[in-house]
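# Overview (structure and organization)
Single-letter residue listing:
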Amino acid sequence: MEIQQMEVMPFNDISYERFLSEEKLMGSRCQRCDALFVPPRSICIKCHGTEMEWVEMRGKGKLAAFTCIAIGPPFMIKEGYDRQHPYISGVVELEEGVRVVARIEGMDGSKPETIKIGTPVQVEFLHRGEANSSKTFLAFKPL
Amino acid sequence: MQRRRKLGRGIAVVGAGMSKFGMFRDADSKHLFAEAFKEMLSTVDKGIDPQDIDALYLGNFTNDFFIHQGHWGPIISDLLGITPKPATRTEGACAASALAFREGVFAIASGFYDVVLVGGVEEMSKLSTEEVTQGLAMAASPYEVKVGFTFPGVFGATATAYFAKYGASREHLMDVTIKSHNNARLNPKAQFNVSIRDIMNQRIEKAKNRGDSIPGWRDEKEFLRDPRANPVVAWPMHLYDCCPISDGASCVLLVAEEIAKDFTDNPLHVVGIGQGSGRGLHAKEDLTYFEATRYAAQEAYELSGLKPEDVQIAEVHDCFSIAEIIHIEDLGFFKPGEGYKAVEEGLTRLDGPKPINTSGGLKCKGHPVGATGTGQLVEIWKQLRGEAGERQVPIKDLRIGAAHNLGGTGGTCTFTILERR
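Residues numbered from 1 in each chain as written. Chains lettered and ligands numbered in written order. Predicted model: local features only at pLDDT ≥ 70, side-chain atom pairs only at ≥ 80, totals over all residues.

Take the environment of A:Met57 next. All names here are of chain A. With respect to the element layout, Met57 can be found in the loop between strand E3 (52-56) and strand E4 (60-69). For Met57, a count of 18 C-beta atoms within 10 Å gives the class partly exposed. Separated by 26 residues in the primary sequence, Met57 and Arg83 have C-alpha atoms spaced 34 Å apart. Setting aside chain neighbours within four positions, we find Met57 in contact with Leu25, Gly27, Val38, Leu94 and Glu96. (Helix = DSSP H or I, 4+ residues; strand = E, 2+ residues; numbered from the N terminus. Buried ≥ 20, exposed ≤ 12 C-beta atoms within 10 Å, placed from the backbone. Contact = placed C-beta atoms within 7 Å.)

Spelled out as structure tokens, the structure:
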């Protein structure tokens with residue numbers, strides 16, 4: 001049932017977001033050259049193949065880059081972040097060999113010197129907002 | 001197989017001008033473009049009748065968002081009194097006017113036009129910092145915006161990856177900032193035409209006059225390390241690593257090479273142009289370089305037959321201090337991982353062997369995004385013609401200068417090489 005549903009999901013950002021809300025980090029794999037893309041692509045940028053399949057990521061990786069943001073956009077300010085309470089955004093390299101951008105939780109944004117590139121992390125799904133306007137944000141926290 | 005690219009005919013720059021860059025309550029986009037245009041007219045040695053301009057290409061990122069007015073091409077052609085000549089707007093985020101320049105070059109190279117005005121304008125200071133941040137983020141990758149990345153954030157993350165790979169640190173970013181301010185101090189058009197030392201001394205003087213405790217900074221780096229003087233924006237990007245919010249305009253007059261002598265005996269020749277596109281952070285092959293910059297540079301070097309070492313001075317897109325370090329590597333001036341050492345050793349200073357951002361760069365000259373691309377070329381125009389005043393580089397036989405412009409977080413990059421013959 002679930003597999004059937006996944007087969008008809010188009011390889012676009014709307015499907016990617018929908019999977020995130022179900023706590024699944026999904027990518028697409030090119031059936032011609034095996035290249036993997038997260039978020040999914042419908043056109044392979046390696047071989048320009050157009051036959052894709054959905055693949056679920058194990059959700060583990062390591063921190064490749066990060067920033068502690070003191071001046072954020074309105075939706076982050078609404079979550080309570082400000083100059084005294086910076087949040088962390090980062091780039092995570094997944095075990096599967098691809099990188100994703102995500103929020104970084106469980107580390108102190110006001111102590112950036114303590115955050116190390118290469119730290120092992122695992123996925124966490126942040127659900128924000130009321131039922132109808134609920135959004136899920138991809139995040140990672142230290143393993 | 002790619003055919004070797006060439007221009008259909010030669011192009012010359014025969015005039016260049018810019019408004020002062022800054023935050024202006026009493027000057028709007030039209031006022032600023034008029035200022036740039038009037039300066040440009042004054043630089044055409046043998047004069048130009050504006051009626052002879054065949055077309056206008058105008059870069060503007062998003063005055064639509066900043067002041068709720070779009071469709072800037074005809075507003076500016078009307079301002080200049082050149083309607084019904086065609087006016088076309090180009091958009092490439094912070095590289096908008098470099099794209100206008102490129103379109104102008106192509107339009108003349110094709111044989112269609114002989115005289116083309118290219119320029120850019122942006123009016124950003126009417127909004128709050130938060131609103132401008134939101135507006136600029138429209139040019140980032142949508143994935144980045146969703147997880148909270150801001151522009152300084154993307155470059156902050158890029159810096160952490162660069163530091164980890166090459167062993168650089170915040171101290172090296174400070175070297176860029178100090179150099180930019182030292183250059184801008186000599187540029188009357190710059191938004192911040194003061195050195196870091198001037199700013200320190202002003203603060204100390206102010207504290208003395210107020211009877212406050214006097215800050216004990218011994219040098220520029222101690223000032224920049226002090227979080228009260230230089231707070232975090234998006235670590236490791238601090239206030240003095242970031243370009244400001246600016247209003248401004250700039251323009252350049254392009255003509256077919258064969259008629260250049262009608263305008264001046266001292267034109268600059270467009271010998272190299274390049275443009276590339278790039279991906280968001282997650283999809284980059286490597287976080288420590290910009291593929292669009294490398295592609296643009298390669299295209300421009302191939303077209304010109306020049307090598308990085310032939311470029312004597314360059315304006316590079318230092319929207320954030322780390323960007324200058326990475327771009328001087330991507331443009332081939334220094335090897336990957338050695339840009340920060342070059343800055344530390346003073347090689348990129350005004351009196352160094354490879355002066356970078358003699359204008360003060362985006363950091364200090366200001367960054368009215370749509371005006372930046374052609375604004376960089378105004379600086380190269382001044383330097384190559386020996387008209388840069390106090391900040392004229394002391395290089396003998398200065399003939400070749402270049403400008404690198406970046407849009408978004410590296411989505412659009414251009415590289416332009418000008419030569420004085």
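What follows picks up the thread again.
All names here are of chain B. Summarising burial for strand E4 (residues 115-123): nine of the nine residues are buried, a large majority. Where burial is concerned, the two faces of E4 agree: the one with Val115, Leu117, Gly119, Val121 and Glu123 and the one with Val116, Val118, Gly120 and Glu122 are both buried. Across five bridges, strand E2 (residues 55-59) lies against E4 in parallel orientation. Counterpart to Ala55 in the pairing with E4 is Val116. With nine bridges connecting them, E4 and strand E7 (residues 247-256) associate as antiparallel partners. What sits directly across from Leu117, in E7, is Leu253. (Pairing = 2+ DSSP bridges.)

Attention shifts here to unusual backbone geometry. Cis geometry marks the peptide bond from B:Thr83 to B:Pro84, where omega comes out at 5°. Considering the arrangement of structural elements, one finds B:Pro84 in the loop between helix H3 (72-79) and strand E3 (87-90). Residue B:Pro236 is reached from B:Trp235 by a cis peptide bond, and omega for that bond is 5°. Mapped onto the elements of the fold, B:Pro236 is located in the loop between strand E5 (232-235) and strand E6 (237-238). Even without a glycine there, the phi angle at A:Asp34 is positive, about 75°. Along the chain, A:Asp34 falls in the loop between strand E1 (26-30) and strand E2 (36-37). Look at B:Asn357: it is not a glycine, yet its phi comes out positive at around 55°. With respect to the helices and strands, the residue B:Asn357 is situated in the loop between helix H13 (339-344) and helix H14 (361-365).

Residue and element names in this part refer to chain A. Here three strands make up an open sheet; going across it, the order is E2-E1-E3 and the pairing antiparallel. Sheet topology places E2 and E3 at the edges, where each strand pairs with a single neighbour. Pairing of E1 with E3 involves five bridges; the strand directions are antiparallel. The residue of E3 that forms the bridge with Met26 is Glu56.

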